[in-house]
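Chain by chain, the residues:
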Amino acid sequence: MPSDAFEAERPHLLAVAYRMLGSRAEAEDAVQEAWLRYHKARTGGEIHDLRGWLTTITGRICLDVLKSARVRREAYPGQWLPEPMVSRLDDPAERVTQRSEVSLALLVVLEKLTPEQRVAVVLHDAFGMPFDEVAAVLNTTVPAARQHASRGRRAVAEGQARHTADLPEQRKVLDAFLAAAASGDLQALAAVLAPEVVAIGDGGGVVNAGLNPVVGLDRVARFYIGILSRRARDYTDVTVEPVLVNGDAGVLVQGRHPDGRPVLFVLTVAVADGRVTAIYNQLNPAKLSSVDDR
């Protein structure tokens, strides 16, 4: 059945679209549009390489979304972070799936690429699509597609936070960071932060998360000591649950404001050489709906 054939490819297409768009909701919309085009194309004849055809169609849809999204994100209030893929540690099946996800550290720097560079890097480097097919998605020549991918790779290498630790080391470093920040121990916190550490918060203009990244060991250390001490004072019924965020160590924080409004955010880190190199704090409720539904 045509529907069964498409559904078998849906997880692959969602993975492609999420890496390109950094949004689960936008990825699902793109795949649904691919389904509509597939359904229409089926009436015109047989599709011989279904995965290749669907990946090409999804890539073209995502390219259009990225081009329009650049305008929206330029007007975005504060910092933009991808929608996190969060799984709880007590769900083995989901944990296996999440461990294969692309890290937030990579998605953050992919956001800085041009739409063409991002599509080329994702399709060729992540999913092995030949450059002649990438060129067809981009409606350009093969040399131009190669150039988009090359420039994208350079931008990723230059802009990505160092993130080389395995999951047990990530968890150890994250726990040390949270403990030091919560206790207000500036010396202990400085010992677990890299000199070039950057902290990025996304509140979507709804939750206060700061308009600019916080950069540098001393500034980040003092910022988080202030934030955590203030939240400990102002929030009630706070729980901090270890989770996986795009396959990496993170925490899901829930609680309540004094007036009863819910508190919900997800924090994850990039770790290299035993130190935190980047902190990603997603507070935008619109990007946490899948977490809130759990």
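For the structure itself, consult the block above.
A few points on the structure. (Residues numbered from 1 in each chain as written. Predicted model: local features only at pLDDT ≥ 70, side-chain atom pairs only at ≥ 80, totals over all residues. Heavy atoms only, no water.)

## Topic: the pairing of strand 5 (residues 248-256)
With seven of nine residues buried, strand 5 lies mostly within the body of the structure. As judged from the eight bridges shared by strand 4 (residues 236-245) and strand 5, these two strands associate in the antiparallel manner. By the bridge assignment for strand 5, Val-243 is matched with Gly-250. Adjacent in sequence and paired antiparallel, strand 4 and strand 5 are bridged by two residues, among which Asn-246 carries a positive phi angle near 55°. The sheet contact formed by strand 5 and strand 6 (residues 262-272) spans seven bridges and is antiparallel. What sits directly across from Gln-254, in strand 6, is Leu-264. Two successive antiparallel strands, strand 5 and strand 6, enclose a turn made up of five residues, where Gly-260 displays a positive phi of approximately 100°. (Buried < 20%, exposed > 50% of the residue type's maximum accessible area, 1.4 Å probe, protein only. Helix = DSSP H or I, 4+ residues; strand = E, 2+ residues; numbered from the N terminus. Pairing = 2+ DSSP bridges.)

## Some remarks on the nonpolar core
The biggest cluster of nonpolar side chains holds 58 residues, and the ones touching the most others in it are Met-20, Val-119, Leu-123, Val-134 and Tyr-280. Those residues within four positions of Val-134 in sequence are excluded, and the remaining contacts are Ala-120, Leu-123, His-124, Met-129 and Ala-145. If you look at the next biggest cluster of nonpolar residues, it comprises 32 residues, including Leu-167, Ala-180, Val-192 and Tyr-235. (Core = buried A, V, L, I, M, F, W, Y, C linked by side-chain atoms within 4.5 Å. Contact = heavy atoms within 4.5 Å.)

## A closer look at the sheet that holds strand 6
Within the open sheet, the seven strands sit side by side as 1-4-5-6-7-2-3. Their pairing is mixed. Unpaired on one side and paired on the other, strand 1 (86-88) and strand 3 (214-215) mark the two borders of the sheet.

## Brief notes about helix 6 (residues 115-126)
Its 12 residues give helix 6 an end-to-end C-alpha distance of 16 Å, which sits within 8% of 16 Å, the value for a rise of 1.5 Å per residue. Three or more residues of helix 6 are buried, namely Pro-115, Gln-117, Arg-118, Val-119, Ala-120, Val-121, Val-122 and Leu-123. Once helix 6 finishes, Gly-128 follows within two positions and takes phi at roughly 70°, a positive value. (Expected span 1.5 Å × (residues − 1).)

## Quick look at the pattern of salt bridges
For the structure on display, the rule yields 13 salt bridges. Where Arg-118 meets Glu-111, a salt bridge forms, and the shortest distance between an N and an O atom there is 2.9 Å. Owing to a relative accessible area of 2%, Arg-118 belongs among the buried residues under this scheme. (Salt bridge = Lys/Arg side-chain N within 4 Å of Asp/Glu carboxyl O.)

## Focus on the pairing of strand 7 (residues 275-282)
Successive residues of a regular strand alternate their side chains across the two faces of the sheet. With seven of eight residues buried, strand 7 is to be regarded as a mostly interior element. Inspection of the sheet shows strand 6 paired to strand 7 by seven bridges, in the antiparallel sense. Opposite Thr-268, over in strand 7, you have Tyr-280 as the bridge partner.

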